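Geometric and topological summary
Each chain is listed here by its residues.
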Amino acid sequence: MLDLDPGTAMVVLFFVLLALRVPVAFALGLSSLFAMWQLGFGLDLVGDLLSSGIAKFSLLAIPFFILAGALMGTVGIAERMIRFFRVLVGDLPGGMGVVGTVVCLFWGAVSGSGPASVAAIGPLIIRGMEEDGYPRPFAAALVCTGAALSIVIPPSIGLVIYGVIAETSIAKLFIAAIIPGLVMGLLMIATLPFAGKARHAALATTAGSGGTGGLATLSPSPYAGMSYAGRLGRSFVDAFWGLLTPVVILGGIYGGVFTPTEAAIVATVYALSVGLFIYRTLSFATLYRALVEASASSAVVMLVVTFASLFGWVVTVDDLVGKYSGALLGISDNEWIILAVIMLVVLIAGMFMDAVTIMFIALPIFLPVVHKLGWDPVWFGVALMVNLAIGLFTPPVGINLFVAANITKMSLEKIALGAVPFLITSLIGLAIIAAFPELSHILLQFME
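All of the points below concern the structure found in this document. Quantities reported herein were computed from a predicted structural model and do not represent experimental measurements.

Quick notes on the overall build of the protein
- From N to C terminus, the protein includes 23 helices and zero strands.
- On the principal axes, the C-alpha backbone points of the protein span a range of 75 × 45 × 45 Å.
- A buried classification covers 54% of the 448 residues belonging to the protein.
- Taking all contacts inside the protein whose residues are at least 6 apart in sequence as the whole, residues at least 24 apart take part in 79%.
- With 18 positive and 22 negative side-chain charges, the protein shows a separation of 16 Å between the mean positions of the two kinds.

This is how it looks when you write it as structure tokens:
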């Protein structure tokens, strides 16, 4: 490491620390401090750099969106939404798989966080899919994959962070991500008839013991004995306030009523109001549970953001951006080859690191390439989010897999096996979205 420049030595040390199972945030911090010492900067500069890195108004959206998602899970919005979509789909064969996909996409427009979505709606969807004949590993894999799209479907925490780093309009990123997010969802649904049947026999042998395995179950249906129209109407009324959530959040942003950061606060107040005054399911116990859950999740994300800003400062000071972006541009004169290399690097990195860390490390290197080649940073951000979403359910560090393994009491390997069909589908979707920037521009053209 002595023969390397400080910036490169920092990157090498970071991966060494990760291999030693040092938490990501501390691996970022320790490797950054090492590089600063080699560059001759004193530790008295660290405090100012950390505070300036985290003191960005846009980043306030992260803890508030996480809190809003936690509240909506605890006050019963998730259960009502699942009931409505289940009634809507009716008795279609394998219909709960479609319900699971739609609810995951819908919940992505509520929480903005993949792991939070798995924890909030996973137990109900997985249990419902089991009752519908799906093996548990496949059901868990669907939830992991659908919830991963939470960082694509607005309001996405990943898009907020990308907008801050790339200095790009977060509102435009939100609009641009809608169609690609829906495309990914449709590809997931198209996978169900093939993957569900083809893998049922193989997965059933590894599905584990019977029973609920600790999974939450939907309470007895209140619509028994009613006609389909009656059940649909009643379930829609019950789920109305939950279904209205994305309309309030996204409509307010696109209508210019409030900024994405202010939307996070509005979402939190909205969740509190629905739970307290409409559903009347919000108690001190549920509020406390949501606050604890949101605080823990926010602390993990913001700690990584804080130390990643220090890491990024060293990258800039040591001109790693110029060195590595220049090397990237020198790979080929064909911009499609460069794009393929970037996407492959992110895809591999997503197998070992979380999305926030990847963005803070890689974007300072990739963005000069984006600008040099004249690519639209909004489209690039959306394609990047789709890529990073795949990392959320790809071993060995796919965090959605760990959350699902925890709530189902299954091994990560079984769930990862069930996710293979969705991995293939997602890679096809990534190729489509990367190859056709027009998908990200459709709604932007209508909004301008």
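Read on for the rest.
Re the packing of aromatic side chains
- In total, this model carries 14 aromatic pairs according to the counting rule given.
- When the ring of Trp375 is compared with that of Trp379, the centres are 5.9 Å apart and the planes differ by 90°; the resulting orientation is edge-to-face. Accessibility assignment for this pair places Trp375 and Trp379 in one class, buried.
- Connected via pairs of aromatic rings, a cluster forms that spans Phe84, Phe85, Phe106, Phe236, Phe240 and Trp241.

Let's talk about unusual backbone geometry
- One non-glycine residue, Arg21, adopts positive backbone phi at about 70°.
- Assignment of secondary structure puts Arg21 in the loop between helix 1 (6-19) and helix 2 (24-39).
- Even without being glycine, Lys409 reaches a positive phi, approximately 60°.
- Relative to the elements of secondary structure, Lys409 occurs in the loop between helix 20 (399-408) and helix 21 (412-418).

A short note on the environment of Phe436
- Residue position: Phe436 is located in the loop between helix 22 (420-435) and helix 23 (438-447).
- Given the relative accessible area of 46%, Phe436 is considered partly exposed.

Description of a nonpolar patch on the surface
- Side chains of Leu4, Val12, Val16 and Leu20 sit close together on the surface and give an oily, nonpolar patch of about 320 Å² of accessible area.
- Using a relative accessible area of 36% as the deciding quantity, one classes Leu4 as partly exposed.

Regarding the nonpolar core
- Residues Tyr162, Ile342, Phe380 and Leu388 are the most contacted members of the largest nonpolar core, which totals 155 residues.
- For this core, the element with the highest residue contribution is helix 18 (residues 355-372), accounting for 13 residues.
- For Ile342, the residues in contact, after removing those within four places along its chain, are Leu328, Phe366, Val369, Trp375 and Phe380.

Conventions adopted
Residues numbered from 1 in each chain as written. Predicted model: local features only at pLDDT ≥ 70, side-chain atom pairs only at ≥ 80, totals over all residues. Heavy atoms only, no water. Helix = DSSP H or I, 4+ residues; strand = E, 2+ residues; numbered from the N terminus. Buried < 20%, exposed > 50% of the residue type's maximum accessible area, 1.4 Å probe, protein only. Contact = heavy atoms within 4.5 Å. Lys, Arg positive; Asp, Glu negative; His and termini not counted. Charge placed at Lys NZ, Arg CZ, Asp CG, Glu CD. Phe/Tyr/Trp six-rings, centres within 6.5 Å; stacked < 30°, edge-to-face > 60°. Patch = residues over 30% accessible without salt bridge, like charges linked within 9 Å, V, L, I, M, F, W, Y side chains within 5 Å. Areas by Shrake-Rupley, 256 points an atom, 1.4 Å probe, with all protein chains shown as cover. Salt bridge = Lys/Arg side-chain N within 4 Å of Asp/Glu carboxyl O. Core = buried A, V, L, I, M, F, W, Y, C linked by side-chain atoms within 4.5 Å.

Purely spatial values, then, with no claim about function.
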